[in-house]
Amino acid sequence: MNYHIFQASAPLKDYIEQYYIFEHNQYLATEYEITSTATCYSALVFNFGERYRFQNSLGDNYLTPQHFMAGFSTGAFQVFPKGKINMLGVVFKGTGMTTLFPSVKLTTLLNKRVSFVELLGSEAEIIAEQLEKAANTKEQIALIDQYLLNRLERFEQPATLADKAALLILRKRGMITIEKVAETLNVGERHLRRVFGQRLGINAKLFSRIKRFQYINLCLTQNETLDWQEFLVEGGFYDQAHFIKDFVAFCGKAPSAQILKSKQIVELFTAKEAV
């Protein structure tokens, strides 16, 4: 299985974390389970292979739409690809999805996968068809990048308070208190919490906790010699129990078990960053 990463063009950097291509050159006769942790990134996924099953800790279990938009996930979830695997994904930063697709509300996408065609109609069908007919990966990335640049030109508005707060939390990798976010943006904490929840569909503290977890999980996966005690201080954890509690809440496993699982996933995918 191959997972290739591509960067968006410069004007889109504040809105898009990355593009990716996920593909497999063999046909999977049966479902293959892939577990993902909670995430504070939303996504747009074009699936040119078979539809696959999605399951989360809330009890949802269904076939994903062919092409879909996904909101933030507050807990671990599983996907079960099978058959032909060929996907192109757009991973959005903070409120990037809402900025580029103002008719789409993050509040309605929390822990869900919703049909892109149902949300955008014929426009979604046209871009999906263009991407599927593209001659190669380079052409696909150029097409999706231009499509989103066109939408940015049509819909870009001055960043809202919630937009700025989300980007600040992401830049700080979740290692910042909401009090400090409010102070940095020179607003009241109560007001910040209210507008953040209204725009993102998730409260600011939870968003920050998830980002912090994602960062620490990545660090520990990439370097098993790191001292966990460092993260208790840097990450703002009260003690080791608090540290473990976040891991269990966001991935369903204790840190040691999650790190092993993450390493297995990294080894499964041949991750390559492309220009």
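This text follows the structure it describes.
Caption draft 1: Highlighting helix α3 (residues 122-133). A rise of 1.5 Å per residue sets the reference length of α3, with its twelve residues, at 16 Å; its end C-alpha atoms lie 17 Å apart and thus fit the reference within 8%. Taken together, the buried positions of α3 are A124, I127, A128 and L131. For α3, the arc enclosing every buried residue in end-on projection is 100 degrees, short of the 170-degree limit, so these residues lie on one face. In this structure, α3 carries S122 and K133 as exposed residues pointing more than 90 degrees from its buried face.

Caption draft 2: Local environment of the side chain of D145. On the secondary structure map, D145 appears in helix α4 (residues 137-155). In this structure, D145 is buried with no salt-bridge partner, the nearest side chain bearing the opposite charge being K13 at 8.0 Å. Those residues in contact with D145 that sit more than four places away from it in its chain are A8, S9, L12 and Y19.

Caption draft 3: Expanded view of unusual backbone geometry. For R173, which is not glycine, the phi dihedral falls at a positive 55 degrees. Tracing the chain through its elements places R173 in the loop between α5 (161-171) and α6 (178-184). Even without being a glycine, N186 presents a positive backbone phi close to 60 degrees. Examined against the element boundaries, N186 turns out to sit in the loop between α6 and α7 (189-200).

Caption draft 4: Here's a closer look at the packing of aromatic side chains. Inspection of the entire model under this criterion finds eleven aromatic pairs. Seen in terms of ring centroids, F72 and F207 are 5.6 Å apart; in terms of plane orientation they differ by 75 degrees. Their pairing is edge-to-face. Of this pair, F72 sits in the loop between β7 (67-70) and β8 (77-80) while F207 sits in helix α8 (residues 204-222), placing them 135 residues apart in sequence. Judged by relative accessible area, which is 0%, F207 ranks as buried. Among the aromatic residues, those joined into a ring-pair cluster are F46, F92, F101, F116 and Y147. The ring of F80 carries the charged tip of R53 above its face, separated from the ring centre by 3.9 Å. Sitting above the plane of the F77 ring, R113 keeps its charged end 4.7 Å from the centroid.

Caption draft 5: Geometry of the sheet that holds strand β6 (residues 61-63). Read from one edge to the other, the open sheet built from four strands follows the order β3-β8-β5-β6, with strand pairing classed as antiparallel. Every other strand in the sheet has two partners, leaving β3 (34-36) and β6 as the edge strands with one partner each. Looking at each pair of strands side by side, their axes are set apart by 20 degrees on average, direction ignored. Two strands pair when backbone bridges link them, and β3 and β8 are joined in this way by three bridges, in the antiparallel orientation. By the bridge assignment, T35 is partnered in β8 with Q78.

Parameters at a glance
All residue numbers refer to positions counted from 1 along the written sequence of the respective chain. The predicted origin of the model limits local features to residues at a pLDDT of at least 70 and limits the giving and counting of side-chain atom pairs to 80 or more, whereas totals for whole chains, interfaces and linings rest on all residues. By convention in this description, side-chain values take in all heavy atoms of the structure and omit both hydrogens and water. Helix numbering and strand numbering both begin at the N terminus, where a helix is a DSSP run of H or I of at least 4 residues and a strand a DSSP run of E of at least 2. One less than the number of residues in a helix, times 1.5 Å, gives the span that helix is expected to have. For every residue, the accessible area obtained with a 1.4 Å probe (protein chains only) is divided by the maximum for its type, and the residue is called buried under 20%, exposed over 50%, and partly exposed between those limits. Directions from the helix axis toward the C-beta atoms define the arc. The charge count treats Lys and Arg as positive and Asp and Glu as negative. His and the chain ends do not count. Any Lys or Arg side-chain nitrogen found within 4 Å of a carboxyl oxygen on Asp or Glu counts as a salt bridge. Any two residues having at least one pair of non-hydrogen atoms within 4.5 Å are treated as being in contact. Stacked, tilted and edge-to-face are the three classes assigned to paired rings of Phe, Tyr and Trp, where Trp is represented by its six-membered ring and a pair needs centres within 6.5 Å; plane angles under 30 degrees give stacked, over 60 edge-to-face, the rest tilted. Placement of a charge over a ring requires the Lys NZ or Arg CZ to be within 6 Å of the ring centre, with the centre-to-atom vector within 35 degrees of the ring normal. Any two strands between which DSSP finds at least two bridges are classified as paired. Note on method: axes are straight lines fitted to C-alpha atoms, helices fitted across the in-contact stretch only, with angles between N-to-C directions ranging 0 to 180 degrees.

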